[in-house]
Amino acid sequence: MRTIVKPVPQKSALSVDPYSRLVALPVHAENIFHFPEGLPAFENSKEFVFLCKPETRPFFFMQSVSTPDLSFVCIDPFLICAEYAPRISETDVKYLHLESMNDALVVSIVTVSPKLDETTANLQGPIVINIRACICKQVICDGQNYPVRYRIWDALNRMDDLEKRAAMEAGGIGSCVEVH
């Protein structure tokens, strides 16, 4: 996954409180990503920052700048679905001012369930980010039928099984007994 946060220049900062009772973080203008139309059902929230914490990987947060209580859990969809290949319409490419697909970062919004094994990611409506222009939009995959509720833990378990099997076949560390 690409790093989203840009180098922080030495100038004044705005504070965002991503965990309302825990800590306020400085946010510089060049780290704010803009949704000109907002998100569906959240049209009034147009500016977000991405917060990454090592202890929550592979998840990260898309935090509203103007609405402190609005935050979305996100994940890199390519991490959980190896065959994921979203098509972005020409209209959305123009809207996002994407001159190169190398400037695009695709993330999926996660719906967290009380039963963690039922937690899902939206693969049909990913967030596409122009990391150079700091413009974002939630898009619908052009002519594709990806699930809106793709079960993350099923995918991660399949990946774990494949990695364990590959390590065992290679005679590597994966063939050792796991200690819990």
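Just so it is clear, the structure is predicted and the values come from calculations on it, not from any experiment. (Residues numbered from 1 in each chain as written. Predicted model: local features only at pLDDT ≥ 70, side-chain atom pairs only at ≥ 80, totals over all residues. Heavy atoms only, no water.)

Right, let's get into the packing of aromatic side chains. Applying the stated criterion to the full structure yields eight aromatic pairs. On the numbers, 6.2 Å between centres and 55° between planes, the contact of F50 with F60 is tilted. Placement of the pair is F50 in strand β4 (residues 47-51) and F60 in strand β5 (residues 60-64), with a sequence separation of ten residues. The residues F50 and F60 share a single accessibility class, namely buried. (Phe/Tyr/Trp six-rings, centres within 6.5 Å; stacked < 30°, edge-to-face > 60°. Helix = DSSP H or I, 4+ residues; strand = E, 2+ residues; numbered from the N terminus. Buried < 20%, exposed > 50% of the residue type's maximum accessible area, 1.4 Å probe, protein only.)

Tracing the sequence through the fold places Q124 in the loop between β8 (120-121) and β9 (127-130). For Q124, a relative accessible area of 11% puts it in the buried group.

Counting residues in hydrophobic clusters, the biggest one holds 30 residues, and the most contacted among them are I75, I80, Y84, L123, V128 and I152. Listed by contribution, the elements that provide at least two residues to this core are β4, β6 (71-75), β7 (104-111) and α3 (152-170). If you look at the next biggest cluster of nonpolar residues, it comprises 17 residues, including F35, F50, F60 and C134. (Core = buried A, V, L, I, M, F, W, Y, C linked by side-chain atoms within 4.5 Å.)

With burial as the criterion, each face of β9 is covered, one bearing I127 and I129 and the other bearing V128 and N130. Strand direction decides the pairing type here: β7 and β9, joined by four bridges, are antiparallel. Bridged to L105 within β9 is I129. Note that β9 and strand β10 (residues 135-138) share four bridges and pair antiparallel. Across the sheet, the residue bridging to N130 is I135, located in β10. Where β9 hands over to β10, the hairpin turn is made up of four residues, of which C134 adopts a positive phi near 60°. (Pairing = 2+ DSSP bridges.)

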